[in-house]
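Summary of structural features
Listed here are the chains, written in short residue letters.
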Amino acid sequence: MAMSTSTADGEVMVEMNTTPLIDVMLVLLTLLIITLPIQTHAVKLDMPAPNSTPPTVIPETVELGVDFDGTITWNGVVVDRATMDAYFVDASKKDPQPEIHVTPNRLAKYDAVARVLADAQRLGATHIGFTGIDQYN
């Protein structure tokens, strides 16, 4: 496995040929990879049984709009922040809470929409979602 050659000075240069060692290591690595069992990445969850009966009470739906100039509408009626806060308090006391669908205008400022969402959260309204997202495509 050793190879000896002479240099220009006449000294013997001894180096080990590592090619066969690398070949053996690659064969062993290949065999190791083939013999390993296939790992399944599954998460086992205990899911609840499906509800066979539909809900008897359908929650009320509220359309909350935020216009480009910061104007807030509650079911199409322009409201100020104090009135909106009163509506949020009323909505949080109902059982079941109404679903509040926020529809911001595509030119509405982030700050105006964030203030409306912060007020809803602060006053206890929990069923909030965004609608009209298709206008941003």
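Above this text sits the structure in question.
Counting of residues starts from 1 at the beginning of each chain's written sequence and follows it residue by residue. This being a predicted model, a pLDDT of at least 70 is required before a residue's local features are given, and a value of 80 or more before pairs of side-chain atoms are given or counted; all residues contribute to the totals for chains, interfaces and linings. Side-chain measures here rest on the full set of heavy atoms in the structure, leaving out hydrogens and waters.

Re helix 2 (residues 81-93)
The α-helix advances 3.6 residues per turn, and as a result positions three or four apart in sequence lie on the same side. Helix and strand assignments follow DSSP, with helices taken as H or I runs no shorter than four residues and strands as E runs no shorter than two, numbered in order from the N terminus. To estimate how far a helix should extend, the number of its residues minus one is multiplied by 1.5 Å. The end-to-end C-alpha distance of helix 2, which contains 13 residues, comes to 19 Å, matching closely the 18 Å that a straight helix rising 1.5 Å per residue would cover. Relative accessibility under 20% of the residue-type maximum defines a buried residue, over 50% an exposed one, and the middle range a partly exposed one, all with a 1.4 Å probe and only protein chains included. All buried positions along helix 2 are accounted for by Met 84, Asp 85, Phe 88 and Ala 91. Across the axial projection of helix 2, the buried residues extend over an arc of 120°, all falling on one side. Turned more than 90 degrees away from the buried face of helix 2 sit Ala 82 and Lys 93, all of them exposed. Any two residues whose heavy atoms approach within 4.5 Å at even a single point are treated as in contact. Buried positions along helix 2 lie against strand 3 (61-66), strand 4 (72-74), strand 5 (77-79), strand 6 (99-104) and helix 3 (110-122). Summarising the geometry, the arc corresponds to the directions from the helix axis toward the C-beta atoms.

Points about a nonpolar patch on the surface
On the surface, a nonpolar cluster with roughly 590 Å² of combined accessible area is contributed by Ile 22, Leu 26, Leu 29, Leu 32, Ile 33 and Leu 36. Secondary-structure assignment places Ile 33 in helix 1 (residues 19-35). Residue Ile 33 is classed as exposed on the basis of its relative accessible area, which comes to 56%. Think of a patch as exposed residues, more than 30% relative accessible area, with no salt bridge, where like charges cluster within 9 Å and nonpolar side chains (Val, Leu, Ile, Met, Phe, Trp, Tyr) cluster within 5 Å. Per-residue and other accessible areas follow the Shrake-Rupley method at a 1.4 Å probe size, with only the shown protein chains counted as cover for residues. The term salt bridge refers to a side-chain nitrogen of Lys or Arg lying within 4 Å of a carboxyl oxygen of Asp or Glu.

Remarks on the pairing of strand 3
Bridge count for strand 3 against strand 6 is six bridges, and the pairing is parallel. Bridging from a neighbouring strand, Gly 65 pairs with Thr 103 of strand 6. Pairing between strands is defined by DSSP: at least two bridges between the two strands are required. Sheet topology note: the strand 3/strand 4 ladder contains three bridges and is antiparallel. Considered in strand 4, the bridge of Val 66 is made with Ile 72. The antiparallel hairpin formed by strand 3 and strand 4 contains five residues in its connecting segment, where Gly 70 sits at a positive phi of about 95°.

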